[in-house]
Amino acid sequence: MGGYSEGIIALLCINCIAALGLSLLTGFTGIFSRGHAGYMAIGAYTTAILTVEYGMHWFPGVLCGGGLAMLVAYLIGVPTLRLVGDYYSIASLGLGEAIRLIIENGGDLTRGARGYPGIDAFSTLPVAVSFLLVMATGMFFLINSSYGRAFKACRDDNQAAALLGLNTARCRVLSLAISGFYCGIAGALMAGYMSFIQPVMFDSAKSTELVALVVFGGLGSMSGCLSGTVILTLVTELFRPI
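Let me begin by describing the structure that accompanies this report. Model, not experiment: these values are computed from the prediction. Along each chain, residues carry numbers from 1 onward, in the same order as the chain's sequence is written. Residue-level local features of this predicted model are given only where pLDDT is at least 70; pairs of side-chain atoms are given and counted only at 80 or more, and the full residue set underlies all totals for whole chains, interfaces and linings. Think of the side-chain values as coming from all heavy atoms in the structure, minus any hydrogens and water.

This next bit is on the side chain of S92. Segments assigned H or I by DSSP are reported as helices when at least four residues long, segments assigned E as strands when at least two residues long, and all are numbered from the N terminus. Inspection of the secondary structure puts S92 in helix α4 (residues 86–104). Relative accessible area serves as the criterion here: at 4%, S92 is assigned to the buried category. Ignoring any residue separated from it by four or fewer positions in sequence, one finds S92 in contact with F32, S33, R34 and G35. The cut-offs for exposure are 20% and 50% of the maximum accessible area for each residue type, with area from a 1.4 Å probe on protein chains only; residues under the lower value are buried, those over the upper are exposed, and the others partly exposed. Any two residues whose heavy atoms approach within 4.5 Å at even a single point are treated as in contact.

This is the structure in structure tokens:
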């Protein structure tokens, strides 16, 4: 397999991880988000700074990127998930852009709009495939667990789920936090794949792309999410020469 083919498959795996994270929130919990590229940016820049500036090994750096994105998603979710429907979708769009602008004006820490170069190219094909297999397996068990059933109950009828005794607010925040973790991991792997990141790579267009991947494959379907990501990613590459 040539280097180009390996790179496309690695990129495909990274996109699948991000799509799985958003699918948990949108497809299985019923909360539309338009700002998940912000969590990818947090994961990417955290890993870049830790590996380049502090010499940390890329594996704990990737986990730290996902962990910080998860923490930020939790802190954001506590006040904002009181909003429902289109109101949260609009708020998430603003939050995603706010994260991008903070990074863009981060000075020497994030190097601003010039971008962050010099990142080790650690996201090889085996690394990307391994992360996808582990995280897809974890998502499968989560969806089929009691937590997954609670997420689906919140999606189908939030008020009925609350009357049955479910802490729907806690379920929604937990879903967002896990979703942020997945996107943070995807962003960290993206940094290792590109070896150079810029804030513009994580703008609202990237968030819209993630939503398209999830909706195209079918909401509430893990296999559909992965299939949709594969199709759209490969179609984009096939038509790139045009």
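The geometry of two aromatic rings is summed up by the distance between their centres and the angle between their planes. Only centres within 6.5 Å qualify two rings of Phe, Tyr or Trp (six-membered ring in Trp) as a pair; their planes then separate them into stacked at under 30 degrees, edge-to-face at over 60, and tilted for everything else. As enumerated under the stated definition, the model contains seven aromatic pairs in all. With a centroid separation of 5.2 Å and 10° between ring planes, the pair formed by W58 and F122 is classed as stacked. Separated by 64 residues along the polypeptide, W58 in helix α3 (residues 58–80) and F122 in the loop between α4 and α5 (125–143) bring together distant segments of the chain. The rings of W58, F59, F122 and F131 are connected pair by pair, giving a single aromatic cluster. Here the guanidinium or amino end of R111 rests over the ring plane of Y116, the centre of that ring lying 4.3 Å away. Over a ring means this: the NZ of a Lys or the CZ of an Arg is within 6 Å of the ring centre and within 35 degrees of the ring normal.

We now examine the pattern of salt bridges. Salt bridges, as used here, are contacts in which a Lys or Arg side-chain nitrogen is within 4 Å of a carboxyl oxygen on Asp or Glu. Inspection of the entire model under this criterion finds six salt bridges. A salt bridge links D156 to R155; its shortest N-O distance comes to 3.1 Å. Given the relative accessible area of 55%, D156 is considered exposed. In the salt-bridge network here, residues are joined through shared partners; they are E97, R100 and E104.

A few words on helix α1 (residues 3–28). One fewer than the residue count of a helix, multiplied by 1.5 Å, yields its expected span. With 26 residues, α1 ought to run about 38 Å at 1.5 Å a step, and its terminal C-alpha atoms sit 36 Å apart, in line with that. At L22, α1 shows its strongest bend, of approximately 35°. Across the 26 residues of α1, 21 count as buried, placing the element largely inside the fold. The angle separating two fitted axes, one through the seven residues that finish at a residue and one through the seven that start at it, defines the bend at that residue.

Right, let's get into unusual backbone geometry. Trans is the prevailing form of peptide bonds, just as negative phi is the prevailing case for residues other than glycine. Phi angles above zero are rare outside glycine, and R111 is one such case at about 65°. Assignment of secondary structure puts R111 in the loop between α4 and α5. At S195, a residue that is not glycine, the phi angle is positive and equals roughly 65°. Along the chain, S195 turns up in the loop between α8 (168–194) and α9 (204–217). By relative accessible area, which is 22% here, S195 ends up partly exposed.

Tracing the backbone through its elements, the reader meets G61 in helix α3. Note: C-alpha distance between G61 and A44 (17 residues apart in sequence) is 9.6 Å.

Residues F216, I231, L234, V235, L238, F239 and I242 make up a contiguous nonpolar surface patch of about 750 Å² in total accessible area. With four residues, the top contributor of residues to the nonpolar patch is helix α10 (residues 222–238). Note that patches include only residues with greater than 30% relative accessible area and no salt bridge, and the join distances are 9 Å for like charges and 5 Å for nonpolar side chains (Val, Leu, Ile, Met, Phe, Trp, Tyr). We get accessible surface area from the Shrake-Rupley algorithm with a probe of 1.4 Å; when it comes to residues, only the shown protein chains can shield them.

It is worth spelling out the state of the cysteines at this point. Count a disulfide wherever a pair of cysteine sulfur atoms falls within 2.5 Å. Within this structure, the stated rule accounts for zero disulfides. We note that C154 lacks a disulfide partner, and the nearest cysteine sulfur, in C171, lies 4.5 Å from it.

To continue, consider the nonpolar core. Counting 67 residues, the largest nonpolar core has I17, Y39, L189 and I197 as its most contacted members. Here this core gets 14 residues from one element, more than from any other, and that element is α1. With near-sequence residues (within four places) excluded, I197 lies in contact with A44, Y45, A48, G115, Y116, I119, A191 and F202. For the purposes of this section, nonpolar cores are sets of buried Ala, Val, Leu, Ile, Met, Phe, Trp, Tyr and Cys residues that join through side-chain atoms within 4.5 Å.

Here F131 shows up in helix α5. A relative accessible area of 10% places F131 in the buried class. Put simply, F131 and C13 are 118 residues apart on the chain and 8.1 Å apart in space, counted from C-alpha to C-alpha. If sequence neighbours within four positions are ignored, F131 has contacts with I17, W58, F59, V62, I185 and L189.

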